[in-house]
Amino acid sequence: MAERKVLIYTRFNRLWHWSQMASILILLFTGARIMGLHGILPFGLAVTIHSLVALALLLLWAFVTFWLFTTGAWRQFMPSTAGLWQVARFYAFGVFQGEAHPYRKILRRRHNPLQALSYLALKILLFPAIWISGLAYLGYTFWDHLDPSGQGIWLVANIHILAAFAIAAFVVVHVYLLTVGHGFREHVKPMVTGFETIDLTPEQEAYLAAEEPGRLKG
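About the cut-offs
Residues numbered from 1 in each chain as written. Predicted model: local features only at pLDDT ≥ 70, side-chain atom pairs only at ≥ 80, totals over all residues. Heavy atoms only, no water. UniProt positions renumbered as here; feature names shortened; annotations may be inferred. Helix = DSSP H or I, 4+ residues; strand = E, 2+ residues; numbered from the N terminus. Buried < 20%, exposed > 50% of the residue type's maximum accessible area, 1.4 Å probe, protein only. Contact = heavy atoms within 4.5 Å. Phe/Tyr/Trp six-rings, centres within 6.5 Å; stacked < 30°, edge-to-face > 60°. Lys NZ or Arg CZ within 6 Å of the ring centre and 35° of its normal. Pairing = 2+ DSSP bridges. Salt bridge = Lys/Arg side-chain N within 4 Å of Asp/Glu carboxyl O. Axes fitted to C-alpha atoms, helices over the stretch in contact; angles between N-to-C directions. Parallel < 35°, antiparallel > 145°, perpendicular 65-115°, else oblique. Left-handed = near helix turned anticlockwise from the far one by under 90°. Nonpolar A, V, L, I, M, F, W, Y, C, P; charged D, E, K, R; others polar.

- Looking at an unreviewed UniProt entry, the protein chain carries the name Cytochrome b/b6 domain-containing protein, with the source organism given as Ruixingdingia sedimenti.
- What the UniProt record of the protein chain gives under Sequence similarities (unreviewed entry) is the line "Belongs to the HupC/HyaC/HydC family."
- Under the Subcellular location (unreviewed entry) heading, UniProt states for the protein chain: "Cell membrane".

Below is the structure:
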């Protein structure tokens, strides 16, 4: 194995990541206003922004889902039990003892087992919960006749809020973990430039040099 700087995150990867991040932050901010947690924006404006950004993000997720399955990139998010305990132990204990991260990124597996498991849960549980409940809430006038007691909209609203708080918690943990190890800047830089230092086998390095030289740096 040899360490090389390799283009891991394509332009679409980075555009998707930063657009999603900005959208989620806007949705959390406007959602907090709708809940009455702050009064920085007028209520009506917050509802309008929240609805438009949510629909735009839903459209982005549709494109991303298509891209993940057509390119085979979905495999990056499939969790593995191999090394899961070691990574979990590192974040719970080892990081405070100055231990080295137990996971080494490779070309076909840039997410460690805990990351893959977290991202998979986000994509198949929290994201569907937030957009299904959001669409149900937004389209309540189409099914309010089925909910004379109001229990249905109460359930939808609470699922939406709980999913939003779970996503907010994920964001906080995600940002915290960016400060672990090499430091915040070094963790964020690959998602800006696309290049990250990973381990390559001699065969992988030879293939990239011959077939995709633009993905190797230096």
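Now that the structure is up, let's keep going.
### Brief notes about the overall build of the protein chain
Working step 1: Of regular secondary structure, the protein chain possesses 8 helices and 3 strands.
Working step 2: Secondary structure elements in the protein chain, listed N-terminal to C-terminal, are β-α-α-α-α-α-α-α-β-α-β.
Working step 3: The C-alpha extent of the protein chain, read off along each of the three principal axes, is 65 × 40 × 35 Å.
Working step 4: A burial count over the protein chain gives 32% of its 218 residues as buried.
Working step 5: For the protein chain, the proportion of contacts with a sequence separation of at least 24, taken over those separated by at least 6, is 67%.

### Some remarks on the packing of aromatic side chains
Working step 1: Per the stated rule, a full pass over the model turns up 6 aromatic pairs.
Working step 2: Both rings, one in Trp61 and one in Phe127, keep their centres 4.2 Å apart while their planes meet at 25 degrees; by these two values the pair is stacked. Here Phe127 lies in helix 4 (residues 113–138) and Trp61 lies in helix 2 (residues 43–71), a separation of 66 residues in the sequence. For the pair Trp61 and Phe127, one class covers both residues: buried.
Working step 3: Members of the aromatic cluster, each reached through a chain of ring pairs, are Phe12, Trp16 and Trp67.
Working step 4: Here the basic side chain of Lys217 rests over the ring of Phe195, its NZ or CZ set 5.3 Å away from the ring centre.

### What to know about the pairing of strand 2 (residues 195–200)
Working step 1: Burial analysis of strand 2 places 5 of its 6 residues in the buried class, which makes it a mostly covered element.
Working step 2: Across 6 bridges, the pairing between strand 1 (residues 2–7) and strand 2 is antiparallel. Paired with Lys5 across the strands is Thr197, a residue of strand 2.

### Some thoughts on the pattern of salt bridges
Working step 1: Here the structure, examined in full by the defined rule, presents 2 salt bridges.
Working step 2: Here Arg4 makes a salt bridge to Glu205, at a shortest N to O gap of 2.5 Å. With a gap of 201 residues between them, Arg4 in strand 1 and Glu205 in helix 8 (residues 202–211) connect regions that are remote in the sequence.
Working step 3: Taking the relative accessible area as the measure of exposure, Arg4 reaches 19% and is therefore buried.
Working step 4: Here Arg215 makes a salt bridge to Glu212, at a shortest N to O gap of 3.5 Å.
Working step 5: The exposure class assigned to Glu212 is partly exposed, which follows from its relative accessible area of 28%.

### With respect to the packing of helix 1 (residues 11–34) against helix 2
Each pair of packed helices gets described by two things: the angle between the helix axes and the distance between those axes.
Working step 1: Packing of helix 1 against helix 2 brings their axes to within 9 Å, and their N-to-C directions diverge by 150 degrees. Looking at the two axes, helix 1 sits roughly antiparallel to helix 2. At the point where helix 1 passes helix 2, the crossing takes the left-handed sense.
Working step 2: Classifying every residue of the contact of helix 1 with helix 2 by side-chain character gives 18 nonpolar, 7 polar and 1 charged.

### Overview of the sheet that holds strand 1
Working step 1: With antiparallel pairing, 3 strands are arranged side by side in an open sheet as 2-1-3. In this open sheet, the two strands that pair with only one neighbour each are strand 2 and strand 3 (216–217).
Working step 2: The strands touched by helix 8 within the sheet are strand 1, strand 2 and strand 3, with strand 2 carrying the most contacts at an inclination of about 135 degrees.

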